[in-house]
Amino acid sequence: MKIIKYIFILLALFSIVFSGCTTVQPWERERLSDPNMIFDENPIQKGIYEHYINIREGSEGGDGSQSGGCGCG
Amino acid sequence: MKIYRSIFFLLLFLMLHKNGFSQETGKPFLDFTAVTTAGQQMKLTDLTGKVIFLDFWASWCKPCKEEFPYLIKLYSDYKDSGFVVVAVNVDTDRDKLDKFINNLGTDVPFTVVIDKEGKIPDLYKLDAMPTSFVIDKKGIIRYRHTGFELSDKETYSKEIPELLNQN
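Residues numbered from 1 in each chain as written. Chains lettered and ligands numbered in written order. Predicted model: local features only at pLDDT ≥ 70, side-chain atom pairs only at ≥ 80, totals over all residues.

A. Geometry of the overall build of chain A. The helix and strand inventory of chain A stands at two helices and zero strands. Here chain A, with 73 residues, has 12% of them falling under the buried criterion. (Helix = DSSP H or I, 4+ residues; strand = E, 2+ residues; numbered from the N terminus. Buried ≥ 20, exposed ≤ 12 C-beta atoms within 10 Å, placed from the backbone.)

Laid out in structure tokens, this is it:
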């Protein structure tokens, strides 16, 4: 009973705190899709390299770079 | 105890599901009114009776750059058979839209709608850019495409004539 209470309070807190986080919708990614948003000296080359890695590894994300939003850019 | 459990699941549902469902195929299209690049008002229901290719794009979207010239060709091929393209642009800057079209090196023969605030993509609950919907003559969304790859050209060229041949 106590554990459930704690979980409930925790979840209520989470829902209040994280309601401030919103998802950037695909049509709002204009700035995020800019090559300048890639943390690298040569963002364009980095983007190409990441695309290559994505294809080879079948993995994506976790590196901060963005694209057009469909995952195929 | 039961109340806690109910509230727990309710909160969990709200947290996981705040983005809503995306617009599905087999359902009627959602109507909207918007302004075209020519400055005219257009309403999607005015196009009922035609096969509509509703496309969402932006100048910053890489696959859109590949898709757009193909849409021009697709429209040119089927326009006389009752096919229309409505391209909803979500750029916040009109200059970028104009630059994109100028770089195509050709006129855009179909309707391009401006939606800076993103109300129409929000209505259709897009997952990605570009996204397109193929709507039949009765106003039912028959196909939905997310992203654009070269292989999609073949898919489009099968879907459009199929819907044009239906009453």
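B. Local environment of the overall build of chain B. Broken down by element type, chain B carries five helices and seven strands. For chain B, the sequential pattern of α-helices and β-strands runs α-β-β-β-α-β-α-β-α-β-β-α. Taking all 167 residues of chain B together, 31% fall into the buried category. Long-range contacts, defined here as pairs at least 24 residues apart, represent 77% of the contacts in chain B between residues at least 6 apart. (Contact = placed C-beta atoms within 7 Å.)

C. A look at the pairing of strand 1 (residues 33-36) of chain B. Residues and elements named next belong to chain B. The pairing of strand 1 with strand 2 (residues 41-43) spans three bridges and is antiparallel. By the bridge assignment for strand 2, Val 35 is matched with Gln 41. In this structure, the hairpin formed by strand 1 and strand 2 is closed by a connection of four residues, where Gly 39 is found at a positive phi of approximately 85°. Across two bridges, the pairing between strand 1 and strand 5 (residues 111-114) is antiparallel. Among the inter-strand pairings, Val 35 is bridged to a residue of strand 5, identified as Ile 114. (Pairing = 2+ DSSP bridges.)

D. Inspection of the sheet that holds strand 2 of chain B at higher detail. Residue and element names in this part refer to chain B. Taken in spatial order, the seven strands of this open sheet run 2-1-5-4-3-6-7, and their pairing is mixed. In the strand order of this sheet, the two ends are held by strand 2 and strand 7 (141-146), each with one partner. When strand polarity is set aside, the average angle formed by the axes of neighbouring strands in this sheet is 30°. Strand contacts of helix 2 (residues 62-78): strand 3 (51-57) and strand 4 (83-89), with the helix running at about 155° to strand 4, the strand carrying the most contacts. (Axes fitted to C-alpha atoms, helices over the stretch in contact; angles between N-to-C directions.)

E. Molecular detail of the nonpolar core. Residue and element names in this part refer to chain B. Counting residues in each nonpolar core, the largest one holds 36 residues, and the members touching the most others are Trp 57, Ala 58, Val 86, Ala 87, Met 129 and Ile 135. When contributions to this core are tallied by element, the ones reaching two or more residues are strand 3, helix 2, strand 4, strand 5, helix 4 (119-124), strand 6 (131-135) and helix 5 (152-164). Among the elements that take part in this core, strand 3 stands out by supplying six residues, more than any other. (Core = buried A, V, L, I, M, F, W, Y, C linked by C-beta atoms within 7 Å.)

F. Just the packing of helix 2 of chain B against helix 5 of chain B, in detail. Residue and element names in this part refer to chain B. In contact at an axis separation of 12 Å, helix 2 and helix 5 are set at 30° when each is read in the N-to-C sense. Classed by the angle they form, the pair helix 2 and helix 5 counts as roughly parallel. The hand of the helix 2/helix 5 crossing is right-handed. Here helix 2 contributes Tyr 70, Leu 74 and Tyr 78 to the contact with helix 5, which in turn contributes Lys 153, Tyr 156, Ile 160 and Leu 164. Across the contact of helix 2 with helix 5, the residue classes tally to six nonpolar, no polar and one charged. (Parallel < 35°, antiparallel > 145°, perpendicular 65-115°, else oblique. Left-handed = near helix turned anticlockwise from the far one by under 90°. Nonpolar A, V, L, I, M, F, W, Y, C, P; charged D, E, K, R; others polar.)

G. Focus on the confidence of the model for chain B. All names here are of chain B. Confidence in the prediction for chain B averages 89 pLDDT; 90% of positions are at 70 or higher. Averaged over each element, pLDDT in chain B is lowest for helix 1 (residues 2-16) (66) and highest for strand 4 (97). Model confidence for the complex is summarised by a pTM of 0.77, with the ipTM given as 0.75. (pLDDT = per-residue confidence, 0-100.)

H. Summary view of helix 2 (residues 43-57) of chain A. Between its first and last C-alpha atoms helix 2 of chain A spans 20 Å; for 15 residues at 1.5 Å apiece the expected length is 21 Å, and the two agree. Remark: A:Gly58 follows helix 2 of chain A within two positions and exhibits a positive phi of approximately 70°. (Expected span 1.5 Å × (residues − 1).)

I. Region of interest: the environment of B:Phe68. All names here are of chain B. Tracing the chain through its elements places Phe 68 in helix 2. Residue Phe 68 is classed as buried on the basis of its C-beta count, with 22 C-beta atoms lying within 10 Å. Sequence separation between Phe 68 and Ala 87 is 19 residues; the distance between their C-alpha atoms is 9.1 Å. Beyond its immediate chain neighbours, meaning those up to four positions away, Phe 68 contacts Trp 57 and Leu 104.

J. Broad picture of the pairing of strand 6 of chain B. All names here are of chain B. For strand 6, the buried fraction is high: five of the five residues fall into the buried class. Relative to strand 7, strand 6 runs antiparallel, the two sharing five bridges. By the bridge assignment for strand 7, Val 134 is matched with Tyr 143.

K. Fine view of unusual backbone geometry. In this model, B:Met129 is joined to B:Pro130 through a cis peptide bond whose omega is -5°. By the secondary structure assignment, B:Pro130 is in the loop between helix 4 and strand 6.

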